[in-house]
Amino acid sequence: MTSTSNRSKITPEREQEFYDAVLDQLRECGYEALTMEGVATRTRCSKSTLYRQWKTKPQFVAAALRANRCVRFAGIDTGSLAEDLREAARAVGERSGRDTMLVQALSHAVLQDAELQRALRETLIEPELQAMDAIIRRGVERGEIPEGHPAVEFVTLQLFGVLRVRPILEGEYADEEYLLRFVEACVLPGLGLT
């Protein structure tokens, strides 16, 4: 990752504009179709400006992901595991279209590029896993579910799986209402909660 100190003449606001353009172009046309030229055109700058700052497309995308890190499960603590999981569903549902498009656009590319995979894991996956682990741990500590409950390891996978698969199977994003129904029908019963 290139440090900000090496980026002469680019303000943080301008840098964020570049990152937003990268992510928007990813959502619109996918990773393979993302080009430095497209970002340059969208942000009214030269390609050479972008290449000076980010040597390759994977570096640029990785930097954009890191700059736009958003942990949806962070800060959820209602005092009840069932309600925390409902809040997690709401939080994911609020951004499901934009986030799902981004993950779908990067799916194949992350399997081909280790740096991109690392950036995706650092910015979108690991923080969410850690936040969900904290939610579950508090539920265990409060005695709502037993330590080592076999369904615990699948909670985050279920939420992210339905986000990713619903657009493919049903042609619709897993919005807040859908995710709340999913949590009520599948996740909570799997954990023995009502």
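A few points on the structure. (Residues numbered from 1 in each chain as written. Predicted model: local features only at pLDDT ≥ 70, side-chain atom pairs only at ≥ 80, totals over all residues. Heavy atoms only, no water.)

### Concerning the packing of aromatic side chains
Phase 1: Taken as a whole and assessed by the stated rule, the structure comprises 5 aromatic pairs.
Phase 2: On the basis of an interplanar angle of 40 degrees and a centroid distance of 6.0 Å, the ring pair of Phe-73 and Phe-160 is categorised as tilted. With Phe-73 in the loop between helix H4 (57–67) and helix H5 (81–94) and Phe-160 in helix H8 (residues 155–170), the pair connects residues that are 87 residues apart, well separated along the chain.
Phase 3: Judged by its relative accessible area of 1%, Phe-73 is buried.
Phase 4: Classification of Phe-160 as partly exposed rests on a relative accessible area of 26%. (Phe/Tyr/Trp six-rings, centres within 6.5 Å; stacked < 30°, edge-to-face > 60°. Helix = DSSP H or I, 4+ residues; strand = E, 2+ residues; numbered from the N terminus. Buried < 20%, exposed > 50% of the residue type's maximum accessible area, 1.4 Å probe, protein only.)

### A few points about unusual backbone geometry
With the exception of glycine, most residues fall at negative phi, and the peptide bonds are largely trans.
Phase 1: Non-glycine residue Arg-44 carries a positive phi angle of around 55 degrees.
Phase 2: On the accessibility criterion, Arg-44 (75% relative accessible area) is exposed.

### Some points on helix H7 (residues 114–141)
Phase 1: The largest bend along H7 reaches roughly 45 degrees and is located at Arg-121.
Phase 2: On its buried face, H7 is in contact with H4, H5, helix H6 (96–112) and H8.
Phase 3: Sitting at the amino-terminal end of H7 is Asp-113, which places a side-chain oxygen 3.0 Å from the backbone nitrogen of Glu-115.
Phase 4: Positioned one or two residues after H7, Gly-143 has a phi angle of 80 degrees, which is positive. (Bend = angle between axes of the 7 residues up to and from the residue. Contact = heavy atoms within 4.5 Å. Polar contact = N/O pair within 3.5 Å; in protein donor to acceptor, adjacent residues only side chain to side chain.)

### Some details on the pattern of salt bridges
Phase 1: On inspection of all chains with the given rule, the structure shows 18 salt bridges.
Phase 2: Put simply, Arg-14 and Glu-17 hold a salt bridge, and the shortest N to O gap is 2.9 Å. A residue pair is termed a helical-turn pair when its members lie 3 or 4 positions apart in one helix, as Arg-14 and Glu-17 do in helix H1 (residues 12–29) at 3 residues.
Phase 3: For Arg-14, a relative accessible area of 22% translates into the label partly exposed.
Phase 4: On the basis of relative accessible area, Glu-17 is assigned to the partly exposed category, the value being 36%.
Phase 5: The partner of Arg-66 in a salt bridge is Glu-122, and the shortest N-O contact between them spans 2.9 Å. Residue Arg-66 is found in helix H4, and its partner Glu-122 is found in helix H7; the two are separated by 56 residues along the sequence.
Phase 6: Given a relative accessible area of 37%, Glu-122 falls into the partly exposed group.
Phase 7: Linked through salt bridges whose partners overlap, the residues forming this network are Asp-77, Asp-84, Arg-138, Arg-142 and Glu-144. (Salt bridge = Lys/Arg side-chain N within 4 Å of Asp/Glu carboxyl O.)

### Looking at H1
Along an α-helix, a turn takes 3.6 residues, which lines up residues three or four apart on a common side.
Phase 1: Between its first and last C-alpha, H1 extends 26 Å over 18 residues, near the 26 Å set by a 1.5 Å rise per residue.
Phase 2: Listed in full, the buried residues belonging to H1 are Glu-15, Phe-18, Tyr-19, Ala-21, Val-22, Leu-23, Gln-25, Leu-26 and Arg-27.
Phase 3: Elements that come into contact with the buried residues of H1 comprise helix H2 (36–43), helix H3 (47–53), H4 and H6.
Phase 4: Phi turns positive, to about 90 degrees, at Gly-30, one or two residues after H1. (Expected span 1.5 Å × (residues − 1).)

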